[in-house]
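The primary structure of each chain is shown beneath.
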Amino acid sequence: MALDFIGKYNNWDSVDPVELFSAPTEKKEATPKLRMPGFLAQEAKGSDYLVLWLDCDKEGENICFEVIHAVQNSMKYQGNPDYIYRAKFSAITEKEIKGAMANLVRPNENEARSVDARQELDLRIGCAFTRYQTKFFQGKYGDLDASLISYGPCQTPTLGFCVKRHDEIQTFKPEPYWLIEAKLALTDGRKITLDWDRVRCFEKDVASMFLNSIKGTEMAQVVNVENKEKTKARPLALNTVELMRVGSSLLGMSPQNVMQIAEKLYTQGYISYPRTETTHYPASFDLTGTLKILQNSNDIGAEVKAILRDGLSTPRKGHDAGDHPPITPMKLAGELDKESWRVYDYICRHFASTLARDCKYILNVVKFMIGSEPFTLTGKTLTSPGYTSILHWQSLPKNEVMPTFQIDEEIPVQEMKLIERQTGPPDYLTEAELITLMEKHGIGTDASIPVHINNICQRNYVKVGSGRKLIPTALGIVLVHGYQKIDIDLVLPTMRSAVEKQLNLIAQGLADFHSVLSHTVEIFKQKFLYFVTNIEGMDQLFEVTFSSLADSGKPQSRCGKCRRYLKYIQTKPSRLHCSHCDETYSVPQNGNIRIYKELRCPLDDFELLWWSNGSKSFPFCPYCYNSPPFKDMKKGSGCDLCTHPTCPQSLIANGLSVCLECEGILVLDPGSGPKWKICCNKCDVIVHLFDDAQKVSVEDRKCECGAQILKVEYKEEKTKLPDGLTEMSGCVFCSMEFAPLVRSHRASIRTKSGRSYRGRGGSKHKQRKPKDKMAQLAAYFV
């Protein structure tokens, strides 16, 4: 199910966004075509018990109650809670499934209600701010290049982190500093460079003074030698956030892509449940059995066998969030696509690494004195690679050999000089760094973090650069600066983290659902009203960065009101603007738009335009597209949906038959010649027909099957009609002569249901039962 406002509140034009803070909401089917609630109700008919096997997180708990609501009236005991159980599991394995079935619990309504609260808050807050600022700024600027200027209680603070780092880069002022570089010559011919213990000096005169004080010193004296055994600890068990971080930084994938792959691997039974905050294996976890799964791996089998032979190391104690065990492999994978294999391989390697030995090395630190100035030489000598033989990208160089020195030994100084350098700005945030910040500040959940990052990319607020760096666009920067100028709380992470704490209290049964919801909604309503009152502060920033509608776009077609040219603005969302009338008109998206034969709409005198996306196309009137002239037309309708009785471009003139795939109408595309086609005005059904014909038209009569008769005309040298005829009329469904000249595309249509559309008048007629030859054609011209 999905939460949404009731019908009338989804109209952007007639509803004031502030009404959305109190507008009634309802849960609707997320995918109505699936009819899932009805299907579940039928499956549950007469059942005694209900056992719920949903993802074991808060969102899964919420879906439990959606299922209960769908099936309770079909069950024998009418949804009596005594007969409803919840299965808690973390992997699709025999042991987990049997264990869950043997330890059934009750569904947790508090957790479900916390999700309801989050959904309602995000809907009300996000829609109110998004609708207002989208309409305000898209109505003034032509080069925003964004279909939606969205606000989100989690999305916007996420963007705020990226813009904050951008601002730090832009305001950074490089500062010069100096350091002393000393090189020594060893007896074996090698040269070593020492690090100055003062590190750096920001005053050149002072640095020069230090250099002059030791200049001429020919020998460096060893004053101390330390060789300490150090350990590089094996990783903690893998949770969702760490998987997303590594997926971005190591595998070069977006967090959302990583999680989609992980979910697929989970449903295929290759890994355990991938949404978990826990980094500690439970005491009952079968570490040895799980590790044995990997011993026949072609990639890490040898390392796994060595761990099993030498004994498993006790895993490091991590954080137990009380939700699910860490992410682990559940069986050896077979054939996987390249990206899925990389994610699976990392999960296997990470799990094996948590049971391997720590990496051990010797840290060599040698202290030198050159005159009165201290210098240091540091090196590492690997003694045992441990887990780094599995996570090889974390390994230390094996061939690094540190020279040996004795205290009071003197080494010839080959060179000493002053080096000038500059401080550098921080780099743009990477996705991995952003995930860390979001986790630290409580922005989003392990399930929603990748969604928020993906949203700010899709909204054109940030671009993903090399190394998965997030570089804010002009639009993203101006938005954040605008929020900071009006109300900094709207972009700070503290606001959302405070809300998340309240939602967690609901989940724990420590706070009332209605109290938290009404209090938070009221706070954001007041902030919205203040935002609207002070929007000019943000608009001043937009004026500096973007061009007005009047200065954007190129002349396209004439306005029916003033007869001046409308300007076509191609940046998202593409639209038409009349600077004289100060009117903006929406147009169909994701396609090409051109003038259509210089024809005009008989209703409003606007020049008709032609939209095409390469396969489907239709003419439309810019004014009718935005202001439907007839009650049976919806906003966003082209001429193929217009019921004007005499216009030659309308549905009445070109409608052919009911589309039996979707209840739309098959309409002749009057501008598609010489590659003529019939398209459904609602779905993707396309019929190609009569290639190279000079003219195709719909006649004012119908076939016995109920479809309109088509007339086709060819030039004599290009005719494809039988016996060299140059013109013929007939039914595209029934005429044997037309069958070789018609082919379907994208979907199949059948003509057996008896419904068709009569263009002029719109009546439906019962279709005659086709003869045997006609039945072959009714399988859709195949």
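In this text, all values refer to a predicted model and were calculated from it rather than measured experimentally.

Reading across from one edge, S17-S18-S19 is the order of the three strands in this open sheet, with antiparallel pairing throughout. Only two strands of the sheet have a single partner each, and these edge strands are strand S17 (592-600) and strand S19 (617-620). Neighbour-to-neighbour, the strand axes of this sheet turn through a mean angle of 25°, independent of strand direction. Pairing analysis gives five bridges linking S17 to strand S18 (residues 607-612), with the strands arranged antiparallel. Bridge pairing links Asn592 to Ser612 in S18.

Before going further, it helps to spend a moment on the pairing of S18. With six of six residues buried, S18 lies mostly within the body of the structure. Here S17 hands over to S18 after six residues, with Asp605 in that stretch at a positive phi of 70°. Relative to S19, S18 is paired through four bridges, and the arrangement is antiparallel. Paired with Trp611 across the strands is Phe618, a residue of S19. Count of turn residues in the S18/S19 antiparallel hairpin: four residues, of which Gly614 carries a positive phi of about 105°.

On to the side chain of Ser612. Here Ser612 shows up in strand S18. A distance of 3.2 Å separates the side chain of Ser612 from the backbone nitrogen of Gly614, its partner in a polar contact.

A full pass over the atoms with the stated rule returns 40 salt bridges. Residues Asp116 and Arg113 are paired through a salt bridge, measuring 4.0 Å at the closest nitrogen-oxygen approach. With a gap of three residues between them, Asp116 and Arg113 both fall in helix H4 (residues 109-138), about one helical turn apart. With its nearest N and O atoms 2.8 Å apart, the salt bridge here joins Arg468 to Glu431. A residue pair is termed long-range when its members are at least 10 positions apart, and Arg468 in the loop between strand S11 (462-464) and strand S12 (470-472) and Glu431 in helix H12 (residues 431-441) qualify at 37 residues. Under the relative-accessibility criterion, Arg468 is labelled buried at 19%. Connected via shared salt-bridge partners are Glu59, Arg118, Asp122, Arg496 and Glu500.

Further remarks concern the state of the cysteines. One pass over the full model with this rule turns up zero disulfides. The thiol of Cys56 is unpaired, and the distance to the nearest cysteine sulfur, on Cys64, comes to 8.1 Å. Lacking any disulfide linkage, Cys601 is separated from the closest cysteine sulfur, that of Cys624, by 3.8 Å.

All right, on to the environment of Lys634 then. Topologically, Lys634 is positioned in the loop between helix H18 (622-626) and helix H19 (651-654). Exposure remark for Lys634: the relative accessible area of 66% places this residue in the exposed category. Once the C-alpha coordinates of Lys634 and Cys624 are considered, the two residues, ten residues apart in sequence, prove to be 9.6 Å apart.

With that settled, the discussion passes to the UniProt feature "domain: Topo IA-type catalytic" (unreviewed entry) in the protein chain. Mapped onto the present numbering, the UniProt feature "domain: Topo IA-type catalytic" (unreviewed entry) falls at residues 108-529. With 43% helix and 17% strand, residues 108-529 has its two end C-alpha atoms placed 36 Å apart.

What the rule picks out here adds up to 35 aromatic pairs. Consider the rings of Tyr132 and Phe136, whose centres lie 6.0 Å apart with planes at 25°: the pair is stacked. Here the residue Tyr132 and the residue Phe136 both occupy positions in helix H4, the gap between them amounting to four residues, near one helical turn. Judged by its relative accessible area of 17%, Tyr132 falls in the buried class. Accessibility expressed as a relative area gives 19% for Phe136, which makes it buried. Chaining the aromatic ring pairs together yields one cluster made of Phe21, Phe129, Tyr132, Phe136, Phe137, Tyr141, Tyr151, Tyr483, Phe528, Phe531, Phe542 and Phe546.

Cut-offs used in this document
Residues numbered from 1 in each chain as written. Predicted model: local features only at pLDDT ≥ 70, side-chain atom pairs only at ≥ 80, totals over all residues. Heavy atoms only, no water. Pairing = 2+ DSSP bridges. Helix = DSSP H or I, 4+ residues; strand = E, 2+ residues; numbered from the N terminus. Axes fitted to C-alpha atoms, helices over the stretch in contact; angles between N-to-C directions. Buried < 20%, exposed > 50% of the residue type's maximum accessible area, 1.4 Å probe, protein only. Polar contact = N/O pair within 3.5 Å; in protein donor to acceptor, adjacent residues only side chain to side chain. Salt bridge = Lys/Arg side-chain N within 4 Å of Asp/Glu carboxyl O. Disulfide = S-S within 2.5 Å. UniProt positions renumbered as here; feature names shortened; annotations may be inferred. Phe/Tyr/Trp six-rings, centres within 6.5 Å; stacked < 30°, edge-to-face > 60°.

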